[in-house]
Amino acid sequence: MKGHRHHTIVIKLGSSSIVHEKTHEPLLSILSLIVETAVKLIKDGHRVVIVSSGAIAVGLRRMNVEKRPKYLPRTQALAAVGQCQLMSLWASLFAHLQQPVAQILLTRNDIADRTQYLNAQNTFTELLTMGVIPIVNENDTLAVSEIRQLEKFGDNDTLSAITAAMVHADYLFLMTDVDCLYDKNPRTNPDAQAIDVVEDVASLEADVSSAGSALGTGGMSTKIVAARLATSAGVTTVITRSSSPGNIVNIVNYVQAERQAQLSKTPSLPATPGEEPSLSNSVSSLHIDSLAAPPLHTRFLPDPFPIRDRSFWLLHGLAAHGTLYIDAGAHRALASKAGLLPAGIVGVDGQFAQQEAVKLVVVDKRNPLTDWSSGAYESGANATGGGAPLDGSVGEVGRALVNYSAAEILRIKGMQSTEIGSVLGYADSEYVALRENISLTKREKGSRPGTPGPVVNA
C-alpha cells in the first residue's frame, strides 16, 4: 500500500495447521493459501519467514504409523523422514509461484552458542535480502529435550518468537485453530468475550485451556509465552486463525493505517526511525476510514523499550545453570550499567562453571530471619529466606554470564573485589559478571524503538 513501509513478518504454523490430526494427510487447501499469502506479502515489498512444525506428523504418514511413538529414537527417525517430505512439499507449492525458499533447522544448542546464533542471524539477513523465504523448523532429529517437552520450545511457538527477535521482525503471526484469545473458553461459555488488544502480557487474563493437538506439543499457553518473548523484543504479535491466512495481509494493512492515523493526530511527535510521517491529517483519516474492520484476532503490542540482540540472547537464548541472589544495591548498580561485584552477592544456588549463564534474583539481605552465611539454599519460595524482592516483585530480574564458578563465588560473596586474590589465590576479574554479559528483564528507558538496523557481530 502506498505510503506504508515494508515489514519483516514471521508466520508460525503448528502441526494441526499443516496435516490432518487423524489421517496425517497434508492440508493442501490451507498450505496453498499460506503460500499465496506469503508471495503476496513479498510482492508488496515485505520480507517473510515461515516457522513450520509438522516433520514428525508428516513422517507418521510416510511410514504408515498410526500414533506418535513414545520411544525417542523412533520419534527422531520419523522426524528425519518427515522433514524431507515436509520441505519438498513447501518447495513444490512455492515453485508454482516462482518463489524461492530455503530450509533452516535449529536446536536449542544452536541458539545458546553465540557464534552459531550470529551465523544464523546473518544467514537470515542474506536470505531475506535475496527475496528468499526461509522455512524454519526445530531439528527434531537432534533436539532430544525439545521432543520430550523439557525445554521451552512448545510446538515451535517459542522458536518462532526467538526467530522473530533474531531477524528483527515487525510482526509475528501465531496461526492456530481459533480466531483469537477469549476471556473464557468460548466452547463452553457462550458469553465469552474476544480479547482484541493486549498491552501488557503480564496482566493478561484469558482462557488458555486449549492444550494443543495430538500431533504437536503446543497449546494456547505456549503462544502466550511466545507473545511475551516476542513483544519484549519489540515485535507486534498476533494470534489468528490458520484456516484464513489471508487475514495476515488485512491485519498488517489495518494496523499500519491505524498507526498512520495516530501519527497524524500528534504531528509534534517524531516518527520512529524508518517510519515516514503522515503527509496530512485528512489523508490518514480517509485512509483508515476506507479500510474494512480487521478480521478477528488478538494483537499483543510491542514493548516500547525492547530488548534486542545480545541482551535478548542472554535472557532467552541461554539456559540458566544456577542462581545468584543479589541485594537491592547491586540491582540498582546493574540498572545504572555497572557490573556485578562480589560485595553485592548474598547467596548462590546450583552448580555452574565459568562463562555459564545464571539467573539473578534480588533479595533483602537485611532480613534478620535469613541465614545468609550458609551461602547455598533451596530454589523456590525459600530461596529468598523470607526477604522481600526489590520493588515487591517476585522472580528473577535478569541473566548473567559469570566469570567465576559456583564454588568460587560461594567463597568470595559479600567481599570487596580487592580480596578476591587473597581468598582464591588468583583474580581473573574484579567483577563476578561484566555488565556486557548481564541483561535485565526490566529495560532502562531510553530511545524509542525503531526500524532495526543491520546485524552487528556483538
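Rules and cut-offs
Residues numbered from 1 in each chain as written. Predicted model: local features only at pLDDT ≥ 70, side-chain atom pairs only at ≥ 80, totals over all residues. Heavy atoms only, no water. Core = buried A, V, L, I, M, F, W, Y, C linked by side-chain atoms within 4.5 Å. Buried < 20%, exposed > 50% of the residue type's maximum accessible area, 1.4 Å probe, protein only. Helix = DSSP H or I, 4+ residues; strand = E, 2+ residues; numbered from the N terminus. Contact = heavy atoms within 4.5 Å. Pairing = 2+ DSSP bridges. Axes fitted to C-alpha atoms, helices over the stretch in contact; angles between N-to-C directions. Salt bridge = Lys/Arg side-chain N within 4 Å of Asp/Glu carboxyl O.

Named according to an unreviewed UniProt entry, the protein chain is PUA domain-containing protein originating from Lepraria finkii.

K.L.:
What is the right way to read the nonpolar core from this model?
P.N.:
As a rule of thumb, nonpolar side chains are buried together in soluble globular proteins. Formed by 47 residues in total, the largest nonpolar core has its most connected members in Val-10, Val-136, Leu-172 and Phe-300. Elements that contribute at least two residues to this core include exactly β2 (47–52), β3 (101–106), α6 (114–129), α8 (157–166), β5 (171–176), α9 (220–232) and α12 (309–317). With residues up to four places along the chain from it excluded, the contact list for Val-136 reads Val-49, Ile-50, Val-51, Ser-52, Ile-104, Leu-106, Phe-124, Leu-159 and Thr-163. In terms of nonpolar packing, the next biggest core, distinct from the first, is built from 32 residues, Leu-93, Met-175, Val-238 and Val-255 among them.

K.L.:
In this structure, what is going on with the sheet that holds strand β12 (residues 345–349)? I would like to understand it.
P.N.:
Sheet strands associate in pairs through backbone hydrogen bonding, adopting either a parallel or an antiparallel arrangement. Overall, mixed pairing links the five strands, which are arranged β12-β11-β13-β14-β15 in an open sheet. Looking at strand neighbours, the two that pair on one side only are β12 and β15 (438–440), the edges of this open sheet. Averaged over all adjacent pairs, the angle separating strand axes in this sheet is 25 degrees, with direction ignored. Note that strand β14 (residues 398–401) and β15 share three bridges and pair antiparallel. If you follow Ala-400 over to β15, its bridge partner there is Ile-438.

K.L.:
It is not clear to me how the pattern of salt bridges should be interpreted in this structure. Could you clarify?
P.N.:
When their charged atoms lie close together, side chains carrying opposite charge are able to pair. Inspection of the entire model under this criterion finds seven salt bridges. Close ionic contact of Lys-223 with Asp-157 constitutes a salt bridge, the shortest N to O distance being 3.4 Å. Residue Lys-223 is found in helix α9, and its partner Asp-157 is found in helix α8; the two are separated by 66 residues along the sequence. Each member of the pair Lys-223 and Asp-157 is classed as buried. Its salt-bridge partner being Arg-399, residue Glu-396 comes within 2.8 Å of it at the nearest N-O pair. A residue is classified by how much of its surface remains accessible, and Arg-399, at 11% relative accessible area, is buried. Connected via shared salt-bridge partners are Lys-12, Asp-157 and Lys-223.

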